[in-house]
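# Structure at a glance
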Amino acid sequence: MRARGRQLVAGAVSASLGVALWQAIGARPTPSVSLPTLVRDAMPMSGVSHDVTAVLLNFRSYDTLLEIAVLMTVAVVALALRDASNQRAPARRQQLVLDALVWRLTPLLVLVAAYLLWIGSSAPGGAFQAGAVLGGAAVLLRLSGFPIASVDHRFASRVAVVFGLTVFLGVAIGTLLAGRSLLEFPVQWSGALILFIEAALTVSIGVVLYSLFDNAPQARLGEPTSAPSKPDAEPSR
Amino acid sequence: MSTLAFDLVLGAALVATAVGALFSGELFRGVVLFVVFGLLMALAWVRLQAPDLALAEAAIGAGLTGALLLDAIGHLKRRRAVSASGDRAPGDRGPVDRISGDSASDHRASGSSTPREVAE
């Protein structure tokens, strides 16, 4: 099928899907259980005052645990893609404006990440957002050529990657050992436990996101990538 | 009333940048439009009263994914330059300045050989 025909088919399918979605959203039934009311009623037992954080880290903390396990798997896969082009960049020359911007911006980014982590208990924020800002700061340092460490097979890198999942699993096992059901925090400790878990998650999420960028096959000027092998049986059009 | 106008403009801009990112001739332009789409999507999340999602979208969708895609473009150009100067692969479309041509076949041609390269 030619390219134009394929685009027409894709457009027709997307348009019909859009119409079906529009009608489905319009005709949705009223739910029998009002989840926002349930969450609001259970907020005093959650240990935080922001409902999104309460749901993510207390009521549905098992889902967050699985998400962190997925992120750790992503870091392992990224490590597997590491090749010769990911070695540390050679000594850089000073670039006045870039250096001035980066060394002013990086402490601010770390401060913003710490703020997002702290404020997540009462306002939009939390571990994922703080971890994303940390990862972005690391990517900025890497792109500017600063000698930031790589996420490779060294022990410190591996500890940083698994730190969040280990802490989360430790708390989960602790709740089981204390005779409660999985990830059922004691009410008077739930705020502190949530902050503790979120701090560990922030570190790990930042390292995982940075490792995605660091271990992706990169092309640096003057360094050829590995020689391409002849691909067999290119699909003929 | 002004909120409705803002929402309509935001929705139209989202669709426009998405279409531009998918159908642009150059890969670089598509990635830039994708980053713009990520930023507009963060605004849309705010309008949908999900500020946590907006924060995550701005950082990951617009920032990190944009950087990764730009890296991928550099990698593709590097490999195409190497293969154009060396052997001609059977599916090779010709000289390096064909980069700005049809992006779809570029992705397919290089996507099929990437796993083998990485495994070497």
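First things first, this report covers the structure right here in the doc.

The rules we used
- Residues numbered from 1 in each chain as written.
- Chains lettered and ligands numbered in written order.
- Predicted model: local features only at pLDDT ≥ 70, side-chain atom pairs only at ≥ 80, totals over all residues.
- Heavy atoms only, no water.
- Helix = DSSP H or I, 4+ residues; strand = E, 2+ residues; numbered from the N terminus.
- Buried < 20%, exposed > 50% of the residue type's maximum accessible area, 1.4 Å probe, protein only.
- Core = buried A, V, L, I, M, F, W, Y, C linked by side-chain atoms within 4.5 Å.
- Contact = heavy atoms within 4.5 Å.
- Salt bridge = Lys/Arg side-chain N within 4 Å of Asp/Glu carboxyl O.

### Points about unusual backbone geometry
One non-glycine residue, L183 of chain A, lies in positive phi territory at about 60 degrees. Among the structural elements, L183 of chain A can be located in the loop between α7 (155–177) and α8 (190–215). One non-glycine residue, Q49 of chain B, lies in positive phi territory at about 60 degrees. Tracing the backbone through its elements, the reader meets Q49 of chain B in the loop between α2 (27–47) and α3 (51–85). A residue is classified by how much of its surface remains accessible, and Q49 of chain B, at 71% relative accessible area, is exposed.

### A word on the nonpolar core
When a protein is soluble and globular, its nonpolar side chains tend to lie buried together. In terms of nonpolar packing, the biggest core is built from 35 residues, with F168, F185, I197 and L201 of chain A touching the most fellow members. If you list the elements that add at least two residues to this core, you get α3 (51–59), α4 (61–80), α6 (127–143), α7 and α8 of chain A together with α3 of chain B. The element that contributes the greatest number of residues to this core is α8 of chain A, accounting for ten residues. Excluding residues that lie within four positions of it along the chain, F168 of chain A makes contacts with S61, T64, L65, I68, L183, I197 and L201 of chain A.

### Notes on the pattern of salt bridges
Tallied over the entire structure, the rule returns five salt bridges over all chains. Among the salt bridges present, the one from R82 of chain A reaches D214 of chain A, with a minimum N-O distance of 3.6 Å. Taken together, the residues span a long stretch of sequence, with R82 of chain A in the loop between α4 and α5 (96–119) and D214 of chain A in helix α8 at a distance of 132 residues. R82 of chain A gets classed as partly exposed once you look at its relative accessible area, which sits at 21%. Taking the shortest distance from any N to any O, the salt bridge between R47 of chain B and D7 of chain B comes out at 2.6 Å. Here R47 of chain B, found in helix α2, pairs with D7 of chain B, found in helix α1 (residues 2–23); they are 40 residues apart in sequence, far enough to count as distant. Accessibility expressed as a relative area gives 34% for R47 of chain B, which makes it partly exposed. Overall, the relative accessible area of 29% leaves D7 of chain B in the partly exposed class.

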